[in-house]
Amino acid sequence: MCSKADAICRSILLKVLDCIDQDQPSVPKVLFPSLSSPSMSHKFLQSDPNTRTSHPYQWSSREPAVNVYTPGGEFLAHTDSQSLTILVALTAPLEDGGGGTAFWSQDSRGHRVEGPSLVLRPPVGTALLFGGCVTHEAGMPISHGMRGVLVASFS
């Protein structure tokens, strides 16, 4: 990712982490008990943005990233195998154009057998937070236009 895009991603993630610290203070304690800092955003600020290895969190491969979906493109249902996933809508929901993020409940028979339990098409700037063990399809197919999502999965 170019340095300007990386700086934008870092700024967005910092805002999301700060919201978690303020609104859901139990999340860092439960998901990251080994953090010496009481806040996720404080630990993130201490890291060097120019090197992935200095980040306090272990990121999924090639993340944080901006995923762009166009007609015919999708990201099939999966789990992230990380403690926390953050998705931030970078474009407005498409009217009658599909897209969105689908979730399957833990007691479902699975994404290959039945449809999702929930589909969310959040407004631009909205962050979705969920555990990495949750089956989801962050890039549901779209019929027209474009959908952009910032994704960051980490432990």
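The text that follows walks through the structure, step by step, so that each part is easy to find. All of these numbers come straight from a predicted model, not from anything done at the bench. (Residues numbered from 1 in each chain as written. Predicted model: local features only at pLDDT ≥ 70, side-chain atom pairs only at ≥ 80, totals over all residues. Heavy atoms only, no water.)

**Details of the packing of aromatic side chains**
Given two aromatic rings, their pairing is described by the distance between the two centres and the angle made by the two planes. Under the definition given, this model contains one aromatic pair. The interplanar angle of 85 degrees and the centroid separation of 5.0 Å between the aromatic rings of F103 and F130 together place this pair among those described as edge-to-face. Residue F103 is found in strand β3 (residues 101–103), and its partner F130 is found in strand β5 (residues 127–131); the two are separated by 27 residues along the sequence. Each member of the pair, F103 as well as F130, is classed as buried. (Phe/Tyr/Trp six-rings, centres within 6.5 Å; stacked < 30°, edge-to-face > 60°. Helix = DSSP H or I, 4+ residues; strand = E, 2+ residues; numbered from the N terminus. Buried < 20%, exposed > 50% of the residue type's maximum accessible area, 1.4 Å probe, protein only.)

**Considerations on empty space enclosed by the protein**
Enumeration over the complete set of coordinates arrives at two cavities of 30 Å³ or more. Here the largest cavity is characterised by a volume of approximately 80 Å³. Taken together, A89, T91, A92, P93, L94, G98, G99, G100, R121, P122 and R147 form the lining of the largest cavity. A breakdown of the residues in the lining of the largest cavity according to their chemical character gives five nonpolar, four polar and two charged. Approximately 30 Å³ is the volume attributed to the second largest cavity. As for the second largest cavity, its lining consists of L87, V88, A89, T101, P122, L128, R147 and V149. Element by element, the count of residues in the lining of the second largest cavity is highest for strand β2 (residues 84–89), at three residues. (1 Å grid on protein atoms, 1.4 Å probe; cavity = no way out; pocket = protein on both sides within 12 Å on 5 of 7 lines; lining within 4 Å. Points joined across faces, edges and corners; volume = space filled by probe spheres on them. Nonpolar A, V, L, I, M, F, W, Y, C, P; charged D, E, K, R; others polar.)

**Side note on the layout of surface pockets**
There is about 270 Å³ of room inside the largest pocket. If you go around the largest pocket, you meet 18 residues; those closest to its centre are E63, N67, F75, H78 and V151. Those elements giving two or more residues to the lining of the largest pocket turn out to be β1 (65–69), β2 and β7 (147–154). Tallied by class, the residues present in the lining of the largest pocket amount to seven nonpolar, eight polar and three charged.

**A closer look at unusual backbone geometry**
Working note: non-glycine residues mostly have negative phi, and peptide bonds are mostly trans. P64 follows E63 through a cis peptide bond whose omega is -5 degrees. Tracing the sequence through the fold places P64 in the loop between α3 (40–45) and β1. Of note in this structure, S81 is not a glycine but carries a positive phi near 60 degrees. Along the polypeptide, S81 turns up in the loop between β1 and β2. Relative accessible area serves as the criterion here: at 63%, S81 is assigned to the exposed category.

**Regarding the sheet that holds strand β4 (residues 118–120)**
Read across the open sheet, the three strands follow the order β4-β3-β6; overall the sheet is antiparallel. Whereas interior strands pair on both sides, the edge strands pair on one side only; in this sheet they are β4 and β6 (136–137). With two bridges joining them, β3 and β6 adopt antiparallel strand pairing. Its bridge partner being in β6, F103 is matched across the sheet by H136. (Pairing = 2+ DSSP bridges.)

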